[in-house]
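Survey of secondary and tertiary structure
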Amino acid sequence: MVCCFDAQKKHEYFVDLHTHTTASDGLLTPSQLVAQALQAGLMAIGITDHDSTDGLREAITAGERLGVQIVPGIELNTKADDEEVHILGYYINYDLPWLQDMLASLRHARWVRGKRMVENLRRIYNFDISFEEVKKEVTQGAVGRPHIARVLVKKGIVKDIAEAFEKYIGTHCPAYEPRYHLTIEQGIKLIKDAGGVPVLAHPGLLKDQKHAMLAIEFGVNGIEAIHSKHTPEQCEHYRRLAHEHGLIVTGGSDYHGEKGKDMPQLGDIKMPCSIIEDLKRMAHVTNRLTQSV
Ligand code: AMP
Ligand code: FE
Ligand code: FE
Ligand code: ZN
């Protein structure tokens, strides 16, 4: 194995801490993603699939082969009022049976909701689309709206994913269906109970900033101040917010394997690898606390 992390040279190493694979709504398998990370000049990547850790083992094996460090993660889409608040979790103990049971039930809710949304698209817009077609887009289990969007693009119903969200499957659209979500507080607790480090994902995408403050109140350990969809001003704002509250600043591209010109690309965000040590330290603290109660 080629070691990617040399503490003496840590300022030269980069990590993208927010990516998705075929374990949820990414297009690349974990091995393909790791190979691409190497090409993108990254020494490490955080893999943060929605409601799933199923891609981590394959990624770690590929990472050992190619010399890319994998930061194990997850992304939980929690909900407050009508807003989705995404919480990233790093270094959770993903072998815990109770955790996997919870994730399985979240993924089950995704299937039920996905089916309902396809029915809505047929009923409301008369689109020729079936859930079978959506299922073919899903590799490992966490079905999401991007899978539906990709079928709409393939069938020529929309020109791109953005149009699918804007017109048909965004939260404001008639075909949208809610699904079971954890609350912000439950999401943060779940990650801490599993020994991980909860981080508020892309707060700049929140409509109501009170939800960012709630996540801080409920105990996130970090803020993803640096994100491909944040403006430089937003990055600076959230960096300051994190510092004010004594929280870690993380960053990632949110790469889903999509190649379009407006889509985030792997390594668009490059953070210094020293963050990995901060996250590991925090996870260690969480583990000690959860073991002592
Ligand atoms: P779901 O988890 O099924 O509710 O789908 C939400 C996911 O869809 C997010 O995590 C993003 O990956 C993706 N998404 C949400 N809004 C958009 C958008 N406007 N364009 C492209 N992808 C989006
Ligand atoms: Fe996603
Ligand atoms: Fe997200
Ligand atoms: Zn994401």
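Rules used throughout
Note on numbering: residues in each chain are counted from 1, in written sequence order. In the order they appear in the text, chains get letters beginning with A and ligands get numbers beginning with 1. With the structure being a predicted model, the display of local features is reserved for residues of pLDDT at least 70 and the display and counting of side-chain atom pairs for 80 or more, all residues being used for whole-chain, interface and lining totals. Hydrogen atoms and water are omitted, and side-chain values are computed over all heavy atoms in the structure. Summary of the distance rule: residues count as near a molecule or strand when at least one heavy atom falls within 4 Å of that molecule or strand. The definition of a polar contact used here is a pair of N or O atoms within 3.5 Å, where within protein one atom must be able to donate a hydrogen and the other to accept one, and adjacent residues in sequence count solely through side-chain atom pairs. Shrake-Rupley sampling with a 1.4 Å probe provides the accessible areas, and residues are treated as covered by the protein chains on show and by no other component. In this text, helices come from DSSP runs of H or I with a minimum length of four residues, and strands from runs of E with a minimum of two, each type numbered from the N-terminal end. Only Asp, Glu, Lys and Arg are considered charged, only Ala, Val, Leu, Ile, Met, Phe, Trp, Tyr, Cys and Pro nonpolar, and every remaining residue, Gly among them, polar. These domain limits were set by an automatic method or by a database of domain assignments. Metal coordination here is assigned from N, O and S atoms located within 2.8 Å of the ion, or within 3.2 Å for Na, K and Ca; omission of water means that sites may look incomplete. Each label reflects the angles at the metal, where four donors whose angles all fall between 85 and 135 degrees are tetrahedral, four or six donors whose opposite pairs open beyond 155 degrees and whose other angles stay between 65 and 115 are square planar or octahedral respectively, and the rest are irregular. Accessible area is worked out with a 1.4 Å probe on protein chains only. A residue is then buried under 20% of its type maximum, exposed over 50%, and partly exposed in between. Every residue pair with non-hydrogen atoms within 4.5 Å of one another is taken to be in contact. Only strands joined by at least two bridges in the DSSP assignment are considered to pair. Each axis is a line fitted through C-alpha atoms, taken for helices only over the stretch in contact, and angles between the N-to-C directions span 0 to 180 degrees. The set of buried Ala, Val, Leu, Ile, Met, Phe, Trp, Tyr and Cys residues whose side-chain atoms join them within 4.5 Å is what this entry labels a nonpolar core.

**Concerning the site of ligand 1**
Residues in close proximity to ligand 1 total 14 residues, the closest being His-50, Arg-110, Arg-113, Arg-145 and His-256. Contact between ligand 1 and Asp-25: an oxygen atom at 3.4 Å from a side-chain N or O atom of the residue. Contact distances for ligand 1 include 2.9 Å between an oxygen atom and a side-chain N or O atom of His-256. The protein chains hide 77% of the 500 Å² of surface that ligand 1 would expose on its own. Mapped by element, the contributors of at least two residues to the shell around ligand 1 are strand 4 (83–90), helix 3 (97–125), helix 5 (145–154) and helix 6 (161–169). Grouping the amino acids of the shell around ligand 1 by side-chain chemistry returns three nonpolar, five polar and six charged. Viewed by domain, the shell around ligand 1 spans two of them, domain 1 (14–92 + 181–292) and domain 2 (105–169), each represented by three or more residues.

**Some words on the coordination of the zinc ion (ligand 4)**
Geometry sets the ideal angles at a metal, namely 109.5 degrees for four tetrahedral donors and 90 or 180 degrees for six octahedral donors. Binding of the zinc ion (ligand 4) to the protein goes through His-18 (NE2), His-20 (NE2), Glu-75 (OE) and Asp-254 (OD), at separations of 2.1 to 2.2 Å. Geometry at the zinc ion (ligand 4) is irregular, judged from its four donor atoms and the angles of 79 to 173° they form at the metal. The sequence pattern describing where the donors of the zinc ion (ligand 4) fall on their chain is H-x1-H-x54-E-x178-D.

**A few points about helix 5**
In an α-helix, one turn spans 3.6 residues; hence positions three or four apart end up facing the same way. In terms of burial, helix 5 is largely enclosed, as eight of its ten residues are buried. Buried within helix 5 we find Arg-145, Pro-146, His-147, Ile-148, Ala-149, Arg-150, Val-151 and Leu-152. Looking at the buried positions of helix 5, the neighbouring elements they touch are strand 4, helix 3, helix 4 (131–137) and helix 6. Looking at the residues trailing helix 5, positive phi occurs at Gly-156, about 75°.

**Concerning the sheet that holds strand 7 (residues 248–252)**
Strands sit in the order 7-6-5-4-3-2-1-8 across an open sheet of eight strands; the sheet is mixed. Across the chains shown, the open sheet's two edge strands, defined by having one partner strand only, are strand 7 and strand 8 (271–272). When strand 2 (residues 44–47) meets strand 3 (residues 69–80), the two strands line up parallel, connected through four bridges. Bridging across to strand 3, Ile-45 finds its partner in Ile-70. Running over the sheet, helix 9 (residues 232–244) touches strand 6 (222–227) and strand 7 and is turned about 165° from strand 6.

**With respect to the nonpolar core**
Ile-45, Ile-87, Tyr-90 and Leu-279 are the most contacted members of the largest nonpolar core, which totals 64 residues. For this core, the leading source of residues is strand 3, giving five residues. When near neighbours in sequence (up to four residues on either side) are disregarded, Tyr-90 contacts Leu-17, Thr-48, Val-71, Pro-72, Gly-73, Gly-196, Val-197, Val-199 and Leu-279. Core analysis: the second largest hydrophobic core is formed by 20 residues, Ile-129, Val-134, Ala-149 and Leu-152 among them.

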